[in-house]
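# Summary of the model geometry
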Amino acid sequence: RALPTSAGALRQRLRQCAERIPEAEAVLDLLEKCPEHQKKGSFPVIVFEGLDATGKTTVTQAVKDNLNGILLRSPPACISQWRTVFDDERTPIKRAFYAAGNYILASEIAKASTQAPVIIDRYWHSTAAYAIATETSGEVQDLPPAQDEVYQWPEDLLKPDLVLLLTVDPEERVRRLQHRGLEKTKEEAELEANSLFRQRVEESYRRMVNPACQEVDASPSKEEVLKTVLQLIKKHCAF
Ligand SMILES: Nc1ncnc2c1ncn2[C@@H]1O[C@H](COP(=O)(O)OP(=O)(O)O)[C@@H](O)[C@H]1O
Ligand SMILES: Cc1cn([C@H]2C[C@H](O)[C@@H](COP(=O)(O)OP(=O)(O)O)O2)c(=O)[nH]c1=O
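The residue numbers shown here count from 1 along each chain, following its written sequence. Lettering of chains starts at A and numbering of ligands starts at 1, both following the order in which they are written. Whole-chain, interface and lining totals are the exception, using all residues; otherwise, since this is a predicted model, local features are given only for residues with pLDDT of at least 70 and side-chain atom pairs are given and counted only at 80 or more. Water and hydrogen atoms were dropped before computing side-chain values, which therefore reflect all heavy atoms in the structure.

- Naming follows an unreviewed UniProt entry, where the protein chain appears as UMP-CMP kinase 2, mitochondrial of Geospiza fortis.
- UniProt positions are given in the numbering used here, feature names are shortened, and annotations may be inferred rather than shown by experiment. Its UniProt record, at the heading Subcellular location (unreviewed entry), says of the protein chain: "Mitochondrion".
- Per its UniProt entry, the protein chain bears the Sequence similarities (unreviewed entry) comment "Belongs to the thymidylate kinase family."

What follows is the structure, given as structure tokens:
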């Protein structure tokens, strides 16, 4: 399968292409500096997931301000300058890059969560959901069955306390995309053209377990969505 699900597996994959792609060597160097099996601090770690333009950037910023938290994202800033290089590579290499981003992010989360609540814009669930949806075609029924191991969180990756999946109906999502008018990544352009792909990504998010995503209807106003999200955080994360 294209998605490596342990630090060892993704390092091996990056090593195989490091001679040809210098950026892979650079990612490996960063991974080398991250101790394995990172532990969380005492502050809560809250992840926001969802398709592009569902409101992750908006809500994560607002939650960060509200909780005086630290905002992080996947892929982390220290490797995001190489993203375009890997987006143009073959699928297994691209997936190894995104997976590596999560392990590097984990060490940032470990550190940040000793100081303040940590709010994250995409983490492992995005990496897995886009990988799973890309590897299949057609209807949601053609995805690996619900209990499949692809939906499991990697054993050696730091777990968040709460994962909120933002969803909006397709029409509202398109309105928000157009409103924003940003340049689309290749994958997002494909997504735009292919509503089945979008459905597979969202269904994959819903099938993820250990931790599972909790779905939040993100169609109401920004203020309403923030209110709902803050209530969920209060309910699930004691701090
Ligand atoms: N609840 C909301 N209602 C209406 N528009 C919203 C809402 N949340 C976000 N938006 C707008 O939708 C667009 C996409 O939101 P953004 O936060 O960038 O999504 P993402 O980070 O998930 O791609 C932005 O133009 C943003 O201002
Ligand atoms: C983090 C991540 C993103 N992606 C894809 C999902 C999106 O289509 C695309 C852009 O994600 P992102 O950087 O979150 O862009 P935006 O802020 O505009 O939402 O990258 C993956 O395929 N794997 C991953 O691990």
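So much for the structure itself; the text now carries on.
### Let's talk about unusual backbone geometry
- In this chain, Ser74 is followed by Pro75 through a cis amide linkage whose omega measures -5°.
- Pro211 follows Asn210 through a cis peptide bond whose omega is 10°.
- Here a helix means four or more residues in a row that DSSP labels H or I, a strand means two or more in a row labelled E, and each is numbered from the N terminus. Take Pro211: it is sitting in the loop between helix 10 (195-207) and strand 5 (214-217).
- Look at Asn68: it is not a glycine, yet its phi comes out positive at around 55°.
- If you trace the backbone, Asn68 turns up in the loop between helix 3 (56-67) and strand 2 (70-73).
- Within the chain, Asn210 stands out as a residue other than glycine whose phi angle is a positive 60°.
- Residue placement: Asn210 occurs in the loop between helix 10 and strand 5.

### Thoughts on the site of ligand 1
- In the vicinity of ligand 1 lie 14 residues, with Ala53, Lys56, Thr57, Thr58 and Arg180 positioned nearest.
- Lys222 is positioned with one of its side-chain polar atoms (N or O) 3.0 Å from an oxygen atom of ligand 1.
- Computed with a 1.4 Å probe, the accessible areas rest on the Shrake-Rupley method; for each residue, only the protein chains presented here act as cover. Taken by itself ligand 1 offers 570 Å² of open surface, and the protein chains cover 83% of this.
- Where the shell around ligand 1 is concerned, the elements lending two or more residues are helix 3 and helix 8 (170-180).
- The element contributing the most residues to the shell around ligand 1 is helix 3, with three residues. We call a residue near a molecule or strand as soon as one heavy atom of that residue lies within 4 Å of the molecule or strand. Polar contact criterion, stated in full: a pair of N or O atoms within 3.5 Å, where within protein one must be able to donate a hydrogen and the other to accept it, and residues adjacent in sequence count only if both atoms are side-chain atoms.

### Comments concerning the packing of helix 1 (residues 7-17) against helix 6 (residues 91-112)
- Between the N-to-C directions of two axes lies an angle of 0 to 180 degrees, each axis being a line fitted to C-alpha atoms and, for a helix, fitted only over the stretch in contact. The contact between helix 1 and helix 6 brings their axes to 9 Å, and the two run at 130°. Comparing their axes, helix 6 and helix 1 come out oblique. Relative to helix 6, the crossing made by helix 1 is left-handed. Contact residues: Ala7, Leu10, Arg13, Leu14 and Cys17 in helix 1; Pro92, Ile93, Ala96, Ala99, Ala100 and Tyr103 in helix 6.
- When the residues that make up the contact of helix 1 with helix 6 are grouped by side-chain class, the tally is 10 nonpolar, no polar and one charged. The scheme is simple: roughly parallel for angles under 35 degrees, roughly antiparallel for over 145, roughly perpendicular for 65 to 115, oblique for anything else. Should the near helix be turned anticlockwise from the far one by less than a right angle, the crossing is termed left-handed; should it be turned clockwise, right-handed. A contact between two residues is defined here by any heavy atoms of the two lying within 4.5 Å. In this classification, the charged set is Asp, Glu, Lys and Arg, the nonpolar set is Ala, Val, Leu, Ile, Met, Phe, Trp, Tyr, Cys and Pro, and all remaining amino acids, among them Gly, are polar.

### Side note on the nonpolar core
- We define the nonpolar core as a collection of buried residues of types Ala, Val, Leu, Ile, Met, Phe, Trp, Tyr and Cys that are connected through side-chain atoms lying within 4.5 Å of one another. Burial here depends on accessible area, computed with a 1.4 Å probe over protein chains only, as a share of the maximum for the residue type. Under 20% is buried, over 50% is exposed, and the range in between is partly exposed. Formed by 56 residues in total, the largest nonpolar core has its most connected members in Leu14, Val27, Tyr123 and Trp124.
- Listing elements by their share of this core, those giving two or more residues are helix 1, helix 2 (22-32), strand 1 (45-49), helix 6, strand 3 (118-121), helix 7 (124-135), strand 4 (162-167) and helix 10.
- Broken down by element, this core gets its largest block of residues, 13 residues, from helix 6.
- If you look at the next biggest cluster of nonpolar residues, it comprises 19 residues, including Phe48, Leu166, Val229 and Cys237.

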